Amino acid sequence: MAYDHTDIEKKAREKWAGLDLYSTDLLDASRELYYLLVEFPYPSGDLHIGHWYAFAVTDIYARLLRARGKNVLFPIGFDAFGLPAENAAIKNGVDPKEWTYTNMERMREQLATMGASFDWSKEVVTCDPEYYHWTQWLFVKLFEHKLAERKEAAVKWCPKDQTVLANEQVQDGCCERCGTPIEEKWLTQWFFKITDYAERLLDGLETLPWRNEIKDAQRAWIGKSEGAKLKFKVQGVSDKEIEVFTTRPDTVFGATYVVLAPEHPLLSDVGFTKSYMNGEEVEKYVKATTKKTERERSENKEKTGVKLEGVVAINPATKEEIPIFIADYVLASYGTGAVMAVPAHDERDFEFAQTVIASETRSDPQSFIKLVVEPDLVVVKSWGREWINGKEISLLDEIRAGRYPYTGNGTLVNSGEFTGRNSEEVKWDIVKAAGGEKTTQYRLRDWLVSRQRYWGCPIPIAYNPEGKPHAIPPEHLPWLLPTDVDFLPKADPPSAGTPSKSPLASSKELKERVTKIFGEDWTPEYDTLDTFVDSSWYFLRYLDPKDSHNFSDTAFMKKWLPIDRYSGGAEHTTMHLLYSRFFIKALYDLALVPVDEPYAERFNRGIILGPDGQKMSKSKGNVVNPDEFVQNYGADAVRIYLAFIGPYNEPGSYPWNLDGVAAMRKFLERIVRLAERAHDTAEVPEAIQQALARASVKVVDDGDRFKFNTAVAALMILTNELEAFPALPKKALKQLIVMLAPFAPHLTEHVWEKLGGKGSVHQQLWPAATLAAVEEREVVVQVNGKRRGSLALATSTSESDAVIAARIIPAVVAALGGKEPVRVVYVPGKVLNLVVPR
RNA sequence: GGGCGAGUAGCCGAAUUGGUACAGGCGCAUGGCUUAGGACCAUGUCUCGCAAGAGGUGAGGGUUCGAGUCCCUCCUCGCCCACCA
């Protein structure tokens, strides 16, 4: 029986299609329901190794679950809006829609060659009006409940893609998509109020059984910090005050100046700007910093800033007059965009005092360093010595001399009535005394969802003549993406208050549509939605993608949610995963979905490296093309290899071994040969039954843990064991084939037929594992923890009987050296340790 | 700089709760079969040792009858965040 994989795979797929094997009957509750989700792909055009790793391996689990009698929903679709389609349009003049749909067609065919058992009848395509109709409907719901709102804020801008980006989409100060250094702008944009849910997003993590890496990454991203808002009155301009956020209000007595971010709103407040004399210099600095990319701002270690001349703020604790600066080390987008500077107790403020203050005020920077917290002597004792400038000096002396910022807690000094108290203990009393209020800040920013791009879901909003946004009424949804549009991005970035330069602004049809519905002087929203909005709810739509009355079916949602297991990439931890958790929580509050966490389990898979152990990249020339291997060795060999390459339950990185797929091919060929010599014997020998049962249990356990590497190893061991039997019953071999079927769906279908199996191998139930209660197990006998022999003992053997048996072993007798054990440690079935005095 | 994770053979990796360290695969070696084979089969493959045995999971220490697994210090690598007040 030759193994012609091309022919075998083609025939197997035709057979499955004929039997309609993978359509899920959502109403069939006679079996246990299981919703297995894998992140849907972007239709980039070609299936690469990452796609195979994502879909083929998750498919193994879908098939395992079905074999175990579960009613499995394993859907697929396309995250089809997005920048690459539009960029292709700009570059090659093709219609983004055509580009996208052509790619999807190709990818459907390619996905089929994997042997993936997706239920295509529930396919979801986010750029179909039937889908984005409901994205828009959900947007309107959020808008009506003030969870979607327009506001002015410091936002990230990509000068190449000509669009704003969400905070999460900036990596290393660069645009996630194109790598261009991003700029910060102050703009009016649409936001989802994810910060309202910060606390609940944190709470929800407590009960989720996800791996800690994922939960910790989300916690870090949300970045909760407890602190206080304090108000610094501006002297001379009575109604102005500068509000700062600090996590260390206990150091307020040491605040010797205040710093505003260059984008701080006060700097565009006429009442305030006329209060200082060096307006020109300030404006120059502001302009210079806003021009800088975020990367330039953070890479430049040297701090810069300008003092506002002729105006001072009042420290609310000391009532002293202190200078005001602007400096770009203060972020406009965090806290209040202003900080109180305590150079004695904050490294950044200390550095600023050493450099900028020295040059800006012509006074001794030391006069700004006011010690208010002294390290407790206990602390100093344990780490109190440091080498500074090559000399060993008491750190306490350095701190007292103002030559070293001390950022820990300790005893307050120079702090009025609080002097002598513990800084941590009186922190909140100081807030009260200074007239401030306790607040919690989050690193998480509201989710910016507007994009100045064409190929996205149109935001279903129109503006009245006063510029107030109104939702497009439901009867006009889907709010279609116009086609009479010039995609080319406009050169100038938008600025606050100016009309949008988005591609949609060039559509006459869109404007006419708005005029017709709302009247003259009304204008459409020209921005489109971030594609992460599309993907925040797609898994709800899978339940009934053709429903034209609802975004999803309530009865189905009650049955099938939450998703049992979600398989995806680690790169989505702080983006998609966080966004969709927020989205579901918001919809839960609006009573639209029955659960407030979407995913019961989440598994982040790893990545496949090139054969050289480096990340695959065209420039390194180490890209592995899966098609080549599929052609030479078959899809099944590639599937098994990917399952075998490493544990799927942790986001490690695994180098592609050039001989690996060939090895799996050899394994499959051994299976074929094994099938050829199987007999119609009626009885399956006990030893074979046990080998089958061991594999059956192991594969199920490992599968549930997403450890397909050891599951494959178990099947290899089983194959080795079966090969050793001269007479192989077909019955036994069929069980091996059923267990191998999830991994190698095509070949096993072929072999199943050859063995005379009925129907499809994929309709067979998992072999019941009747592991004989093993009476005897090998027990290791140790003397003082050293292995001295072993015994085959029933698990029911008592400790004293075990000791008697052990004391007959010569090596044990020798090791005991005539001494009596003073202690015996006996773990039945595992170990017997005799402890003697040394 | 901060957070998280990981270091086991020539390579990828096994080792559910602390209980025989290195399963399975690759690679390599020897032999068989063969006109030949990069096919297939068999055997071997952590180190030292003829053997009995001893040592061995990045380094050092600790807890324990017993540590790859737990604790402390350090080193290296990876990922994420990064002037977040």
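The shown structure was predicted, so the numbers you read here are calculated from the model rather than taken from an experiment.

Considering the overall build of chain A
Then step 1. Scanning chain A from N- to C-terminus turns up 28 helices and 37 strands.
Then step 2. Along the longest, intermediate and shortest principal axes, the C-alpha atoms of chain A span 100 × 90 × 50 Å.
Then step 3. Out of the 838 residues in chain A, the part that is buried amounts to 55%.
Then step 4. Long-range contacts, defined as pairs at least 24 residues apart, comprise 74% of the intrachain contacts of chain A with a sequence gap of at least 6.
Then step 5. Carbon and sulfur atoms form 51% of the exposed surface of chain A, whose accessible area is close to 36400 Å².

A few points about the pairing of strand β5 (residues 148-158)
Then step 1. Where β5 lies against strand β9 (residues 183-192), 10 bridges are found, and the strand directions are antiparallel. Opposite arginine 150, over in β9, you have tryptophan 190 as the bridge partner.
Then step 2. Of the pairings in the sheet, the one linking β5 to strand β6 (residues 163-165) comprises three bridges and is antiparallel in character. Across the sheet, cysteine 158 pairs through a bridge with threonine 163, a residue of β6.
Then step 3. The hairpin turn running from β5 into β6, its antiparallel successor, is four residues long, and glutamine 162 in that turn takes a positive phi close to 55 degrees.

Some details on the protein's contact with RNA strand B
Then step 1. The full set close to RNA strand B counts 55 residues, and Thr247, Tyr334, Arg348, Glu778 and Asn833 are the nearest of them.
Then step 2. For RNA strand B, the fraction of protein-proximal atoms (within 4 Å) that sit in sugar or phosphate groups is 59%.
Then step 3. A distance of 2.6 Å separates a base oxygen of RNA strand B from a polar atom in the side chain of arginine 445.
Then step 4. Contacts to RNA strand B include lysine 707, whose side-chain N or O atom sits 3.0 Å from a phosphate oxygen.

Quick word on the packing of helix α6 (residues 198-207) against helix α7 (residues 212-222)
Then step 1. Across the interface, α6 lies against α7 with an axial gap of 10 Å and an inter-helix angle of 165 degrees. Taken together, the axes of α6 and α7 are roughly antiparallel relative to one another. The two elements α6 and α7 meet at a crossing, and its hand is left-handed. On the side of α6, the interface is formed by Ala198, Leu201, Leu202, Leu205 and Glu206, while α7 contributes Lys215, Gln218, Arg219 and Ile222.
Then step 2. Across the contact of α6 with α7, the residue classes tally to five nonpolar, one polar and three charged.

Points about the packing of helix α21 (residues 635-644) against helix α24 (residues 708-723)
Then step 1. At a closest axis distance of 7 Å, the pairing of α21 and α24 adopts a crossing angle of 120 degrees. In this structure, α21 contributes Ile640, Ala643 and Phe644 to the contact, and α24 contributes Phe708, Asn709, Val712, Ala713 and Met716.
Then step 2. Across the contact of α21 with α24, the residue classes tally to seven nonpolar, one polar and no charged.

Description of the UniProt feature "short sequence motif: 'HIGH' region" (unreviewed entry) in chain A
Then step 1. In this numbering, the UniProt entry assigns the feature "short sequence motif: 'HIGH' region" (unreviewed entry) to residues 41-51.
Then step 2. Strand forms 0% of residues 41-51 and helix 27%; the C-alpha atoms that close the span are 8 Å apart.

Re the environment of glutamate 466
Then step 1. With respect to the element layout, glutamate 466 can be found in the loop between β24 (461-463) and β25 (469-471).
Then step 2. Sequence separation between glutamate 466 and glutamate 281 is 185 residues, and the spatial gap between their C-alpha atoms is 36 Å.

A look at the domain arrangement of chain A
Then step 1. Assigned domains of chain A: these are domain 1 (5-141 + 532-609), domain 2 (142-195 + 463-530), domain 3 (224-442), domain 4 (622-763) and domain 5 (777-835).
Then step 2. Look at where the C-alpha atoms of domain 2 and domain 4 centre, and you get two points 52 Å apart.

Structural notes on the sheet that holds β6
Then step 1. The strand order across the open sheet formed by four strands is β6-β5-β9-β21, and the pairing between neighbours is antiparallel. In the strand order of this sheet, the two ends are held by β6 and β21 (447-448), each with one partner.

A few points about helix α11 (residues 347-361)
Then step 1. With 15 residues, α11 should reach 21 Å at 1.5 Å per residue; the first-to-last C-alpha distance of 20 Å fits that figure.
Then step 2. The sharpest bend along α11 reaches about 35 degrees and sits at alanine 353.
Then step 3. Buried within α11 are the following residues: Asp349, Phe350, Phe352, Ala353, Val356 and Ile357.
Then step 4. Turning to α11, the residues buried within the fold contact β12 (257-260), β14 (321-326) and β15 (338-341).
Then step 5. Directly beyond the C-terminal end of α11, a positive phi value near 60 degrees is found at arginine 362.

Things to note about unusual backbone geometry
Then step 1. With an omega of 0 degrees, the peptide bond between leucine 477 and proline 478 qualifies as cis.
Then step 2. Summarising the element assignment, proline 478 is placed in the loop between β25 and α15 (508-518).
Then step 3. Between leucine 561 and the following residue, proline 562, the backbone shows a cis peptide bond with an omega angle of -5 degrees.
Then step 4. Take proline 562: it is sitting in the loop between α18 (554-560) and β28 (565-569).
Then step 5. One non-glycine residue, asparagine 414, adopts positive backbone phi at about 50 degrees.
Then step 6. For asparagine 414, the location among the structural elements is in the loop between β19 (411-412) and α14 (423-433).

Section: the sheet that holds β28
Then step 1. Spatially, β2-β1-β28-β29 is the arrangement adopted by the four strands of the open sheet, whose pairing is parallel. Across the chains shown, the open sheet's two edge strands, defined by having one partner strand only, are β2 (71-73) and β29 (602-605). Sheet twist, expressed as the mean angle between neighbouring strand axes with direction ignored, is 20 degrees.
Then step 2. Both strand β1 (residues 33-38) and β2 contribute to a ladder of three bridges, which runs parallel.

Side note on the confidence of the model for chain A
In regions of low pLDDT, the predicted coordinates are not meant to be interpreted in detail.
Then step 1. Confidence in the prediction of chain A, expressed as mean pLDDT, is 90, and 95% of residues score 70 or more.
Then step 2. Low confidence marks residues 379-392, where pLDDT is under 50. Its contacts with residues over four positions away, or in another chain, come to 19 contacts.
Then step 3. Here the prediction assigns the complex a pTM of 0.93, and the interface score ipTM is 0.94.

Cut-offs used in this document
Residues numbered from 1 in each chain as written. Chains lettered and ligands numbered in written order. Predicted model: local features only at pLDDT ≥ 70, side-chain atom pairs only at ≥ 80, totals over all residues. Heavy atoms only, no water. Helix = DSSP H or I, 4+ residues; strand = E, 2+ residues; numbered from the N terminus. Buried < 20%, exposed > 50% of the residue type's maximum accessible area, 1.4 Å probe, protein only. Contact = heavy atoms within 4.5 Å. Areas by Shrake-Rupley, 256 points an atom, 1.4 Å probe, with all protein chains shown as cover. Pairing = 2+ DSSP bridges. Near = heavy atom within 4 Å. Polar contact = N/O pair within 3.5 Å; in protein donor to acceptor, adjacent residues only side chain to side chain. Axes fitted to C-alpha atoms, helices over the stretch in contact; angles between N-to-C directions. Parallel < 35°, antiparallel > 145°, perpendicular 65-115°, else oblique. Left-handed = near helix turned anticlockwise from the far one by under 90°. Nonpolar A, V, L, I, M, F, W, Y, C, P; charged D, E, K, R; others polar. UniProt positions renumbered as here; feature names shortened; annotations may be inferred. Domains from an automatic or database assignment. Expected span 1.5 Å × (residues − 1). Bend = angle between axes of the 7 residues up to and from the residue. pLDDT = per-residue confidence, 0-100.

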